[in-house]
Structure formats: structure tokens, C-alpha cells
Amino acid sequence: MPTTPSSCESNHDTSGAKKAAFSGPALIMDRGRPTHDPLTMDEYLRLAGGNASIIDVLATPDAEGVEFDPPRADIKLRQVNLSC
């Protein structure tokens, strides 16, 4: 059974919400509905598939179907003032 503090309770007891995340699901409730579920970083990385970079992801054999069209960087030169 998940821990279910209210939104107000979790705001007042951040440490308690973090501790609850270590013991399993800790659904934060707002008006009787679950709105957030804090995770430990280890659990997040496990669910997200690790900490692969975009280069790692695009280098995988299955990446042919991944659309990746980043916007062109708009870099402009400007004067630098090195005086103090």
C-alpha cells in the first residue's frame, strides 16, 4: 500500500516525503486525487533506462526510426568588455 500524504502535508514535511519515496510508492494527494509520486534518483534512472546521452540513443541499431531534427543554433558575436 503506498504512502499517501496530502499536498499540504508533503509541503510541510519534505523530509518525510523523501523518506516515504525510499520505502515504495508515495502518492501525494491533492483534493483526494494522486498528483505526484516522488522517486529516488536510482529508481528514476532505472525507469528511464539509465543515463544514456542522446549520442548513445542515436547510435543504437533501432535508432533509424527516431526523428531528430534539432533547431539550428542562432549564435551571434558580440563585443566583450574586459575592463574592470
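Coordinates for the structure precede this section.
Overview of the structure. (Residues numbered from 1 in each chain as written. Predicted model: local features only at pLDDT ≥ 70, side-chain atom pairs only at ≥ 80, totals over all residues. Heavy atoms only, no water.)

### Comments concerning the environment of Pro38
Point 1. Relative to the elements of secondary structure, Pro38 occurs in the loop between β2 (33-36) and α3 (41-48).
Point 2. Look at Pro38 and you get partly exposed, because its relative accessible area is 24%.
Point 3. On a C-alpha basis, the gap between Pro38 and Ile28 in space is 8.0 Å, while along the polypeptide they are 10 residues apart. (Helix = DSSP H or I, 4+ residues; strand = E, 2+ residues; numbered from the N terminus. Buried < 20%, exposed > 50% of the residue type's maximum accessible area, 1.4 Å probe, protein only.)

### Overview of the pattern of salt bridges
Point 1. Applying the stated criterion across every chain, the model contains two salt bridges.
Point 2. Salt-bridge contacts for Glu43 lead to Arg46; the nearest nitrogen and oxygen are separated by 2.7 Å. Of this pair, Glu43 and Arg46 both sit in helix α3, three residues apart, which is roughly one turn of that helix.
Point 3. Across the pair Asp74 and Lys76 runs a salt bridge, and its minimum N-O distance is 3.5 Å. For the pair shown, Asp74 and Lys76 are each scored as exposed. (Salt bridge = Lys/Arg side-chain N within 4 Å of Asp/Glu carboxyl O.)

### Structural notes on helix α2 (residues 14-22)
Point 1. Along α2, the residues classified as buried are Ala17, Ala20 and Ala21. The arc that holds every buried residue of α2, seen down its axis, measures 105 degrees, which confines them to one face. More than 90 degrees from the buried face of α2, the exposed residues found are Lys18, Lys19 and Phe22.
Point 2. Immediately downstream of α2, the backbone of Gly24 shows phi near 135 degrees, a positive value. (Arc of directions from axis to C-beta.)

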